[in-house]
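Summary of structural features
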Amino acid sequence: MAAKVTGIAPGSPADGLIRAGDTLLRIGGEEICDVLDYMYHGAGEELEVELLRGGENLSVRIKKECYEDLGLEFASYLMDEQKNCRNKCIFCFIDQLPKGLRETLYFKDDDARMSLLRGNYITLTNLSESEIERIIRLRISPINISVHTVDPELRVQMMKNKRAGEVLPLMRRFAEAGITMNCQVVLCRGINDGEKLRETIETLAGLHPAVQSLSVVPVGLTRYREGLYPLRPFDRESAGAVLDLINGAGDRLEREIGVRFVYPGDEFFIKAGRNFPDYDYYDDFPQIENGVGMVTLMRDEFEATLQFVERSDEPRSVTLVTGVAAAPYLEEMLAKLRALRPNLKVELVAVENRFFGPEITVAGLLVGRDVIDALRGKKIKRLLLPTVMLRYENDMFLDNVTVEQLAQELDTEVELLDPGGENFISAVLGEEI
């Protein structure tokens, strides 16, 4: 399937050789169907690019640096339609979304290309044989896989897809081909936990090092679950049992293969009321993009940066908003900053998630209206707003409330706060460290 070029990056290798409106056919004799073909076959230093221009075929030769992008722009990032999920998982978060949110939030993604390019997790249930062969041929790696359980019958029951039970043979096929994988389990209390979780950990660890890591995160439950499969949230005792199981397995695997391999989501420590482990627990943080180890990593970055903060009597007043889960840990950090800056006044506001319900406590799922309601009536000179609450462009919440609207309704200046301990200190103090 050919792709029409919509633009050329100025100064790029293709500038002056390829035009907007051309149709890209082949690179090096290989047909270009989507962004993966474009990236893989366009990586070389000397390329023969075949085009369709004005109804005529032509070929251009382009010299560039190895792995340098040609500079072609297309109508969509994938150069193709994004593939949606055909599963009907009993824990699907999208099924728990009410109407009125951003339209893109309702799209159920299960596209292997997005796993490589954006780190999305896929289930492998929607791959055709040709797609499987291309992953192996192009050595698309690593792939992030939502496994949930290695019990074939249970996986079919949880995902409502008859192909769900085929995950292990396919993963073994990838492993034999040298494809690396990272896996996750969305843990549902009383369903795929306990001995089922132990079996999943042991089986996937048996595929190490092809399977590099496994994260276990608790199912997210909103208040919009009418008519959906009955699921129970984890409480202090059940979350503690999950940690005990994972830590026991991780301790053993660390002795046997040199890494812990399996890592619990941060929410399990919070729900169980337990202290977070130290930096070394997470090895090289292989699941940080999945939110696993974020509190520990932020604390470590904070402590490393704190030693460079000089004492000062300079006054500064800010308001910081966050979710209920992160508030106690941010308050600990703020106390250390206040000790160095006695005239630093920071009001930390933990916003309850009234929109999705009290079981959702992370900052990333707060909506703009809840933030506005929590801050209304407060005298706010400067508001620090974590970017995790906003979409990729950092301009809008899940409920379509914009940062500009929030600033207007609260009559305040808004400063965006990027993740990380160093960014946290710089934003709170209003200075580069």
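Heads up: these notes are all about the structure in this document. (Residues numbered from 1 in each chain as written. Predicted model: local features only at pLDDT ≥ 70, side-chain atom pairs only at ≥ 80, totals over all residues. Heavy atoms only, no water.)

A word on the nonpolar core
As a reminder of what qualifies: Residues belong to a common nonpolar core when they are buried Ala, Val, Leu, Ile, Met, Phe, Trp, Tyr or Cys residues joined through side-chain atoms within 4.5 Å. In this scheme, a residue with accessible area under 20% of its type's maximum is buried, one over 50% is exposed, and one in between is partly exposed, where area comes from a 1.4 Å probe on protein chains only. Runs of E in the DSSP output that reach at least two residues are strands. Runs of H or I that reach at least four are helices, and both are numbered from the N terminus. Pairs of residues are marked as contacts when any of their non-hydrogen atoms sit within 4.5 Å.
Core analysis: the largest hydrophobic core is formed by 91 residues, its most contacted members being I18, L24, L72, M171 and F174. Considering each element in turn, this core owes the most residues, seven residues, to helix α7 (residues 236-257). Other than its neighbours up to four places away in sequence, F174 contacts L124, L127, I132, I135, I136, I143, I179 and M181. Of all hydrophobic cores here, the second largest spans 22 residues; its members include L334, L384, L417 and L429.

Quick look at the side chain of S426
Turning to its location among the elements, S426 is positioned in helix α13 (residues 421-429). Excluding anything up to four places from it in sequence, S426 contacts E431, E432 and I433.

Some thoughts on the pairing of strand β14 (residues 382-386)
Definition in use: Only strands joined by at least two bridges in the DSSP assignment are considered to pair. Consider the strands pointing away from the viewer: the crossover is right-handed when the path from the first strand over the helix to the second runs clockwise.
The element β14 is extensively covered by neighbouring structure, given that five of its five residues are classed as buried. Here strand β12 (residues 316-323) pairs with β14 via two bridges, running parallel. Each residue of the ladder has a partner; that of L320, found in β14, is L384. Taken together, the five bridges between β14 and strand β15 (residues 413-417) define a ladder with parallel strand orientation. Paired with L385 across the strands is L416, a residue of β15. Tracing the backbone out of β14, into helix α12 (residues 403-410) and back to the parallel element β15 gives a crossover that is right-handed.

Quick word on the packing of aromatic side chains
Rules: Any two of the Phe, Tyr and Trp rings considered here, Trp counted by its six-membered ring, make a pair once their centres fall within 6.5 Å; the pair's planes then place it as stacked at under 30 degrees, edge-to-face at over 60, or tilted in between.
Under the defined criterion, the tally for this structure stands at 13 aromatic pairs. Where Y38 meets F74, the ring centres are 5.4 Å apart and the plane angle is 80 degrees; that geometry is what we call edge-to-face. Here Y38 is found in helix α1 (residues 35-41), whereas its partner F74 is found in strand β6 (residues 72-74), with 36 residues between them in sequence. Ring geometry for F269 and F276: centres 5.2 Å apart, planes at 40 degrees, overall tilted. A residue is classified by how much of its surface remains accessible, and F276, at 10% relative accessible area, is buried. Feature note: the residues Y263, F269, F276, Y279, Y281, Y282, F285 and Y329 constitute an aromatic cluster, connected by ring pairs.

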